[in-house]
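Below are the chains, spelled out letter by letter.
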Amino acid sequence: FNSIGDVAVGVKKCLYSLYIMSSFCPLLADTTSNGSDSKKLRVEDRVGDAPPSRVLHIRKLPNDVSETEIIALGLPFGKVTNILTLKGKNQAFLELSTEEAAMTMVNYYSAVTPHVRSVPVYIQYSNHKELKTDNSNQKMLLVALHVIQMVSSRGTLTSGSNSIDGGGTPSSPVLRIIIDNMFYPVTLDVLQQIFSKFGTVMKIITFTKNNQFQALLQYNDPTSAQQAKVALDGQNIYNACCTLRIDYSKLVNLNVKYNNDKSRDYTRPELPAGDGQPPALDPSVVAALGKDSGSLLGALSPLSAAAAAAAAAGRVALSGHSGASGVLLVSNLNEEMVTPHSLFTLFGVYGDVQRVKILFNKKDSALIQMADMNQAQLAMSHLNGQKMYSKIIRVTMSKHQTVQLPRDGLDDQGLTKDFTNSPLHRFKKPGSKNFQNIFPPSATLHLSNIPQDITEEDLRVLFSNSGGTVKAFKFFQDHKMALIQMTTIEEAIQCLIDLHNYNMGNNHHLKVSFSKSTI
């Protein structure tokens, strides 16, 4: 090859040749689909809660899917080290270099259903810990796979002609994102979490135009923008709602003035908050935005999170989405410490927990039934990988549709609790302000419903007694609310579990939630 571009063309031809041969040559088709390798790797028809593995099982693939399209599913999450397609069964095995990369991929695609050629596909952990393939065709494919990743890592897959994925070259590293069907509010943190899978997110600006929530998001390079657009355009952030519509922007750089809940420059954490005002843009940027999506003069305003939450609650109820419950499987729990109530309190930050069951024969695992699938996915995205009682918990979707209560008269040692009618649900009331205060776990906690006679010292002592160290404290002006900052996120999680709904006297029950702020 004379250049990296020639390498890309060669790889494409190599993969295409392998695909054609495996599709039309009976001998080779037997080798790749039904030969010795597939006997070693039997098709895993049963969808279950297999333990994490760096080998993933992909089902319901289109009939004529290529290896390149399957590989593209895994590339944003880490190095792909092997692949085996079972073309006759519309399935494949994909091996990543680490179990952590595979976990990230499974968790992400649990919340955002992946599509190949507009067809939804399903990804789960395989029962196999590695792929062992030894036929000559597979070796050729692995060589091609290595070259794909080498070329991709050099950022050359964005060439307009003969690129492996066939996509065009974006004119800038900036994407314009429109959220359709917005049943739930979408925050800056949610966008950053989703789009950072494909590269380094540098800046985000959010705004509303024509009653649509939109965002401009800048990567550190155009390649990441292209990969994100290809992977995410048309996908739903939450189940059956909040659909991403993504175009390339004509802007090449975003000028962010404030770091708040409307705009963020991740390269300049020292920027002021701007008192929650709409993000200010240079006149040149506003002019460029006019070219990008029509004039924004007079239309650039912050999204009302409260209005969006109220609309979300009403529209979800009307559309029937709230009727489908979502059950989570939580594993690697500290079985000496965890209780149904502690799980109810922590997961209740992200939705109304209906039932909790700690498994009788595996007490480091539990099933948690949320009010609907959207809340389950929200809890999974925020709590998977967090530390609870000194152990990093793992949160995935369960195959179960409901959590069964124990039969009457059966003593299950208090491992199962029904919280359906609990007065502590945060999101039961349509349009509740709690909808606009959903944030990832953080070291800073927001306190409300504080009695007037409670002092800063009282609260510092109360939170210190939960086993943490209070780093900073700040009362709001009316002293009914406050921010308290612990040393670590783990300490804050512990304090939230222990002190949410704590009786402060005179029927004042303290309300505790995670905050996006620091003191």
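Computed from a predicted structure; not experimentally measured.

Tell me about the overall build of the protein chain, and please be specific about residues and values.
Helix and strand counts for the protein chain come out as 14 helices and 23 strands. Taken across its 519 residues, the protein chain has 51% of its residues classed as buried. Residue pairs in contact within the protein chain that sit at least 24 positions apart in sequence constitute 71% of those at least 6 positions apart. With an accessible surface of roughly 23,500 Å², the protein chain has 51% of that area assigned to carbon and sulfur atoms.

Could you give an account of the nonpolar core, naming the residues involved and the relevant values?
Grouped together as the largest cluster of nonpolar side chains are 108 residues, with contacts concentrated most on Phe195, Leu343, Phe347, Leu445 and Phe463. At 8 residues, helix α5 (residues 99-111) tops the list of elements feeding residues into this core. Among the nonpolar cores identified, the runner-up in size contains 8 residues, and Val174, Ile205, Leu251 and Leu271 belong to it.

Talk me through unusual backbone geometry; I want residue IDs and the actual numbers.
Even without glycine at this site, Asn90 takes up a positive phi of about 55 degrees. On the secondary structure map, Asn90 appears in the loop between β2 (80-86) and β3 (91-96). You will see that Asn449, though not glycine, has its phi angle at about 65 degrees, which is positive. In this structure, Asn449 sits in the loop between β20 (444-448) and α13 (456-464).

Please provide a residue-by-residue account of the sheet that holds strand β1 (residues 55-59), values included.
What holds strands together in a sheet is hydrogen bonding between their backbones, with the strands either parallel or antiparallel. Here we have 4 strands laid out as an open sheet, ordered β2-β3-β1-β6, and antiparallel in their pairing. Where the open sheet ends on each side, the last strands, each with one partner, are β2 and β6 (122-125). Each strand of the sheet is rotated relative to its neighbour by a mean of 20 degrees, with strand direction disregarded. Where β1 and β6 come together, 4 bridges link them in antiparallel fashion. Residue pairing in the sheet places Leu56 in a bridge with Tyr125 of β6. Docked against the sheet, helix α4 (residues 67-74) engages β1, β2 and β3, running at close to 135 degrees with respect to β2.

Got a sec to walk through the pattern of salt bridges? Specific residues and values, please.
Scanning all chains against the criterion turns up 10 salt bridges. Here Lys229 makes a salt bridge to Asp233, at a shortest N to O gap of 3.9 Å. Asp233 sits in the partly exposed class, given a relative accessible area of 34%.

Report on the pairing of strand β14 (residues 353-358), specifying residues and quantitative values.
Counting buried positions along β14 gives 5 out of 6 residues, so the element sits mostly inside the fold. Across 5 bridges, β14 lies against strand β15 (residues 366-370) in antiparallel orientation. Within the sheet, the bridge partner assigned to Arg355 lies in β15 and is Gln369.

Lay out the pairing of strand β8 (residues 201-209) in plain terms, naming residues and giving numbers.
Across the 9 residues that make up β8, a large majority, 8, are buried. The turn joining β8 and strand β9 (residues 212-219), which pair antiparallel and follow one another in sequence, is formed by 2 residues; a positive phi near 55 degrees is taken by Asn210. In this structure, β8 lies alongside strand β12 (residues 263-265), joined through 3 bridges in antiparallel fashion. Along β12, the bridge assignment pairs Ile205 with Ser263.

Any chance you could break down the side chain of Ser398 for me, citing the residues and the numbers?
In this structure, Ser398 sits in the loop between β18 (394-397) and β19 (416-418). From its side chain, Ser398 meets the backbone nitrogen of His400 in a polar contact 3.0 Å long.

Let's hear about the packing of aromatic side chains: which residues, and what values?
Under the counting rule described, the total for this entry stands at 2 aromatic pairs. Arranged with centres 4.2 Å apart and planes meeting at 10 degrees, the rings of Phe344 and Phe419 form a pair that is stacked. With a gap of 75 residues between them, Phe344 in helix α11 (residues 340-347) and Phe419 in the loop between β19 and β20 connect regions that are remote in the sequence. A relative accessible area of 4% means that Phe344 is categorised as buried. Residue class for Phe419 comes out buried when judged on its relative accessible area of 11%. Above the plane of the ring of Tyr248 lies Lys229, whose end atom (NZ or CZ) is 5.5 Å from the centre.

Hey, could you go over the environment of Thr444 for me, with residue numbers and the actual values?
Mapped onto the fold, Thr444 is located in strand β20. Judged by its relative accessible area of 2%, Thr444 is buried. The sequence separation of Thr444 and Gln485 amounts to 41 residues, and the corresponding C-alpha distance is 4.1 Å. Apart from the residues within four sequence positions on either side, Thr444 is in contact with Leu483, Ile484, Gln485, Ser513, Phe514, Ser515, Ser517 and Thr518. Engagement of the side chain of Thr444 in a polar contact is seen with the backbone oxygen of Ser517, the distance being 3.1 Å.

Explain the confidence of the model for the protein chain residue by residue, including any values.
Confidence along the protein chain averages 76 in pLDDT terms, with 72% of residues attaining 70 or more. When mean pLDDT is taken per element in the protein chain, α11 scores highest with 97 and helix α10 (residues 305-319) scores lowest with 32. In this model residues 16-47 is a low-confidence stretch, pLDDT under 50, and it forms 61 contacts with partners more than four residues away in sequence or in other chains. Within the model, the stretch residues 151-169 combines pLDDT values under 50 with 33 contacts to residues more than four positions away or in other chains.

A description of the sheet that holds β12 should follow, citing residues and the corresponding values.
Reading across the sheet, the 6 strands line up as β10-β11-β7-β9-β8-β12 and stay open at both edges, with antiparallel pairing between neighbours. The sheet is open, and its two edges are formed by β10 (236-238) and β12, each paired on a single side. Shown here is a sheet whose adjacent strand axes are inclined to one another by a mean of 25 degrees, direction ignored. Here strand β7 (residues 174-180) pairs with strand β11 (residues 241-248) via 6 bridges, running antiparallel. Residue pairing across strands places Leu175 opposite Tyr248, the latter belonging to β11. Where helix α7 (residues 188-195) meets the sheet, it contacts β7, β8, β9, β10, β11 and β12, and its direction lies at approximately 135 degrees from that of β8.

Here is what the cut-offs are and how they apply
- Residues numbered from 1 in each chain as written.
- Predicted model: local features only at pLDDT ≥ 70, side-chain atom pairs only at ≥ 80, totals over all residues.
- Heavy atoms only, no water.
- Helix = DSSP H or I, 4+ residues; strand = E, 2+ residues; numbered from the N terminus.
- Buried < 20%, exposed > 50% of the residue type's maximum accessible area, 1.4 Å probe, protein only.
- Contact = heavy atoms within 4.5 Å.
- Areas by Shrake-Rupley, 256 points an atom, 1.4 Å probe, with all protein chains shown as cover.
- Core = buried A, V, L, I, M, F, W, Y, C linked by side-chain atoms within 4.5 Å.
- Pairing = 2+ DSSP bridges.
- Axes fitted to C-alpha atoms, helices over the stretch in contact; angles between N-to-C directions.
- Salt bridge = Lys/Arg side-chain N within 4 Å of Asp/Glu carboxyl O.
- Polar contact = N/O pair within 3.5 Å; in protein donor to acceptor, adjacent residues only side chain to side chain.
- Phe/Tyr/Trp six-rings, centres within 6.5 Å; stacked < 30°, edge-to-face > 60°.
- Lys NZ or Arg CZ within 6 Å of the ring centre and 35° of its normal.
- pLDDT = per-residue confidence, 0-100.

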